[in-house]
Amino acid sequence: MADQQAAEPVFQIQRVYLKDLSLEQPNSPAILLEQTQPTVDIQLGVEAQNVAEGIFEVSVSATVQTKIEDRTVFLVEAKQAGIFEIRNLPEDQMGPILGIACPQIVYPYLRGNVADTIQRGGFPPVHLAEINFQAMYEQQQAQAAGQGLPANAQ
């Protein structure tokens, strides 16, 4: 009975936390008086690492930069992470779990923290769009295959 129980798949969220957050307004207060509509650039990333036997940290990062011409209005960099216990899963399922399922859990927290930080900086909140992590993962896998890297390299 113990052997049968030991082989049961385990997927548990241990903790979700804000790992890194910064807000910069290098051209304030002068740029705040500008009437020009700023451009917004948003970059996202996903990382996963094994931190102990069966324990993984998955983080989703966002960089949100708004500019008027070549001057930065504000720059927000945030990294939201989660610690997940994942055991007894087939190796071929680990990539999708770490690259799709875990980021889908962590991302809503990142979205909220980014919007809140921007609003606390005195700006209208920027709401990050919903992300299809499956499509992002599949694109990364295709790029890795095109570069001759192992399919599960991160």
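Everything below is about the structure shown above.
All figures in this text were calculated on a predicted structure; none of them were measured in a lab. (Residues numbered from 1 in each chain as written. Predicted model: local features only at pLDDT ≥ 70, side-chain atom pairs only at ≥ 80, totals over all residues. Heavy atoms only, no water.)

### Describing the overall build of the protein
The number of helices and strands found in the protein is three helices and four strands. Counted from the first residue to the last, the protein has its helices and strands arranged as α-β-β-β-β-α-α. The globule rule puts the C-alpha radius of gyration for 154 residues at 15 Å, and the 19 Å found for the protein is more than 25% above it. Counting only C-alpha atoms and orienting by the principal axes, one finds that the protein spans roughly 70 × 35 × 20 Å. (Helix = DSSP H or I, 4+ residues; strand = E, 2+ residues; numbered from the N terminus. Rg over C-alpha atoms; globule rule 2.2 N^0.38 Å.)

### Focus on the environment of E77
Considering the arrangement of structural elements, one finds E77 in strand β4 (residues 71–87). Note on E77: relative accessible area 33%, which makes it partly exposed. (Buried < 20%, exposed > 50% of the residue type's maximum accessible area, 1.4 Å probe, protein only.)

### Examining the pairing of strand β2 (residues 39–52)
Alignment of β2 against strand β3 (residues 55–68), held across 13 bridges, turns out to be antiparallel. By the bridge assignment, E47 is partnered in β3 with S59. Hairpin connection of β2 to β3: two residues between the antiparallel strands, including G54 at a positive phi of 75°. (Pairing = 2+ DSSP bridges.)

### Brief notes about the pattern of salt bridges
Evaluated as defined, the whole model comprises six salt bridges. Here E34 ties to R71 by a salt bridge, and the two come within 3.1 Å at their closest N and O atoms. Of this pair, E34 sits in the loop between β1 (10–24) and β2 while R71 is found in strand β4, placing the two residues 37 residues apart along the sequence. Residue D116 pairs with R120 through a salt bridge whose shortest N-O separation is 2.8 Å. Linking D116 with R120, this pair stays in helix α2 (residues 91–120), spanning four residues, or about one helical turn. Relative accessible area serves as the criterion here: at 33%, D116 is assigned to the partly exposed category. (Salt bridge = Lys/Arg side-chain N within 4 Å of Asp/Glu carboxyl O.)

### As for the packing of aromatic side chains
A full pass over the atoms with the stated rule returns three aromatic pairs. For the ring pair F74 and F123, a centre distance of 4.7 Å and an interplane angle of 40° mean the geometry is tilted. With F74 in strand β4 and F123 in the loop between α2 and α3 (133–146), the pair connects residues that are 49 residues apart, well separated along the chain. Note on Y107 and F133: the rings are 5.4 Å apart at their centroids and 75° apart in plane angle, and the pair reads as edge-to-face. Of this pair, Y107 sits in helix α2 while F133 is found in helix α3, placing the two residues 26 residues apart along the sequence. Taking relative accessible area as the criterion, Y107 reaches 3% and is therefore assigned buried. (Phe/Tyr/Trp six-rings, centres within 6.5 Å; stacked < 30°, edge-to-face > 60°.)

### Some details on α3
If you check α3, its first and last C-alpha atoms are 20 Å apart, about what 14 residues at 1.5 Å a residue would give, namely 20 Å. Along α3, the residues classified as buried are F133, Y137, Q141 and A144. Taken down its axis, α3 places every buried residue within 75° of arc, on the same side. Exposed side chains of α3 directed beyond 90 degrees from the buried face belong to A142 and G146. The secondary structure elements touched by the buried residues of α3 are β2, β3 and α2. (Expected span 1.5 Å × (residues − 1). Arc of directions from axis to C-beta. Contact = heavy atoms within 4.5 Å.)

### Side note on the side chain of T117
Checked against the element boundaries, T117 lands in helix α2. By relative accessible area, which is 11% here, T117 ends up buried.

This is a description of form; function is not addressed.
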